[in-house]
Amino acid sequence: EPVLVCEQFQHINVAEAIISYETKLDYSIHRGGVDELTIRLPAEFRVTDVAGANIAKWEVKTADQAGQVLSVKLFSPAKDKYSLTIKTERFLQESQVKIPLSPISTDQVLRRIGLIGITYSPRRSVHLEDIKNLARVDTGQLPENLRSQPGVTAYRFITSDYSGTLAIQTTSPRITVDQLWMLGVDTDRLELRGKIHYKVE
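What counts and how
Residues numbered from 1 in each chain as written. Predicted model: local features only at pLDDT ≥ 70, side-chain atom pairs only at ≥ 80, totals over all residues. Heavy atoms only, no water. Helix = DSSP H or I, 4+ residues; strand = E, 2+ residues; numbered from the N terminus. Rg over C-alpha atoms; globule rule 2.2 N^0.38 Å. Buried < 20%, exposed > 50% of the residue type's maximum accessible area, 1.4 Å probe, protein only. Contact = heavy atoms within 4.5 Å. Lys, Arg positive; Asp, Glu negative; His and termini not counted. Charge placed at Lys NZ, Arg CZ, Asp CG, Glu CD. Phe/Tyr/Trp six-rings, centres within 6.5 Å; stacked < 30°, edge-to-face > 60°. Pairing = 2+ DSSP bridges. Core = buried A, V, L, I, M, F, W, Y, C linked by side-chain atoms within 4.5 Å. Axes fitted to C-alpha atoms, helices over the stretch in contact; angles between N-to-C directions. Salt bridge = Lys/Arg side-chain N within 4 Å of Asp/Glu carboxyl O.

1. Some thoughts on the overall build of the protein chain
Next, step 1: Assigned secondary structure in the protein chain consists of 1 helix and 14 strands.
Next, step 2: Over its C-alpha trace the protein chain gives a radius of gyration of 24 Å, far above what one expects of a compact globule, namely 17 Å for 201 residues.
Next, step 3: Overall size of the protein chain, expressed as C-alpha extent along the three principal axes, is 100 × 30 × 30 Å.
Next, step 4: Within the span of the protein chain, comprising 201 residues, buried residues form 38% of the whole.
Next, step 5: Expressed as a percentage of contacts within the protein chain between residues at least 6 apart in sequence, the contacts between residues at least 24 apart total 70%.
Next, step 6: Each charge class in the protein chain was averaged separately, 25 positive and 25 negative side chains, and the resulting centres sit 3 Å apart.

Structure below.
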């Protein structure tokens, strides 16, 4: 039987109305080849695209509360190295919500390691709660296009039983005010004039 090792890179981006969840799987294949790959994905996200070389077809076989199983069949067996990219998404209508961060599990794989990068819109506040088997790491380990994004965080896992909770909220606006007032005194009346400048961030 072939021996597989899989390294993952997951990018979770929380926008105002949608969560984009992209996973790249880099397989190292030893002793032979494989012509079918099975990946267990979180139930909360819908699969929108699967990309890789030599793909004959892909399908989501089962989807329930425990998760969904993605099957990818290849035209010919992959050997040595193989990369697969899976795109999923979830619409975000709630002003605040907690979403479980469930493992993306690759079947038939001897060792699973990976990196998770989390980015989000300025209109959203995101942090990870109830962390298990996830280690916070320097964002310098992320791809260059993600490192400079504000609020970006990175986590590494070395086992397949990691977990956490994405706590998402709508960011409240920060408002500052600069005021200028003038009081005019006449013989028979008082006049108050004001100019108020708001800055909303």
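2. Remarks on the packing of aromatic side chains
Next, step 1: Under the definition given, this model contains 2 aromatic pairs.
Next, step 2: Considering the side-chain rings of Tyr21 and Phe45, the 5.1 Å spacing of their centres and the 85° angle between planes classify their relative orientation as edge-to-face. Taken together, the positions of Tyr21 in strand 2 (residues 18-41) and Phe45 in the loop between strand 2 and strand 3 (46-52) put the pair 24 residues apart, joining distant regions of the chain. A single burial state applies to Tyr21 and to Phe45, both of which are buried.

3. Here's the deal with the side chain of Thr38
Next, step 1: Within the secondary structure, Thr38 sits in strand 2.
Next, step 2: Once residues within four sequence positions are removed from consideration, Thr38 is found in contact with Val69, Leu70, Ser105, Thr106 and Asp107.

4. A word on the pairing of strand 5 (residues 67-91)
Next, step 1: Two elements, strand 2 and strand 5, share 19 bridges in a ladder whose sense is antiparallel. Note that in strand 5 the partner of Tyr27 across the bridge is Tyr82.
Next, step 2: Sheet topology note: the strand 3/strand 5 ladder contains 6 bridges and is antiparallel. Opposite Arg46, over in strand 5, you have Glu89 as the bridge partner.

5. A few points about the nonpolar core
Next, step 1: Of all hydrophobic cores here, the largest spans 40 residues; its most connected members are Ile12, Tyr27, Leu37, Ile39, Val72, Tyr82 and Leu84.
Next, step 2: The element that contributes the greatest number of residues to this core is strand 2, accounting for 9 residues.
Next, step 3: If sequence neighbours within four positions are ignored, Leu84 has contacts with Thr23, Lys24, Leu25, Leu37, Ile39, Val50, Ala51, Gly52, Ile55 and Val72.
Next, step 4: Formed by 6 residues, the second largest nonpolar core is a distinct cluster that contains Leu115, Leu146, Val152 and Ala154.

6. Some details on the sheet that holds strand 6 (residues 96-101)
Next, step 1: The strand order 6-12-9 describes an open sheet built from 3 strands, whose pairing is antiparallel. This sheet does not close on itself; its edge strands, each paired only once, are strand 6 and strand 9 (124-132). Across the sheet, the mean angle separating the axes of adjacent strands is 20° when strand polarity is ignored.
Next, step 2: Strand direction decides the pairing type here: strand 6 and strand 12 (residues 163-170), joined by 6 bridges, are antiparallel. Residue pairing for strand 12: Ile99 is matched across the bridge by Leu166.

7. Comments concerning the pattern of salt bridges
Next, step 1: Here the structure, examined in full by the defined rule, presents 9 salt bridges.
Next, step 2: One salt bridge connects Glu129 with Lys98, and the closest N-O pair in it is separated by 3.1 Å. In this pair, Glu129 sits in strand 9 while Lys98 sits in strand 6, placing the two residues 31 residues apart along the sequence.
Next, step 3: Overall, the relative accessible area of 56% leaves Lys98 in the exposed class.

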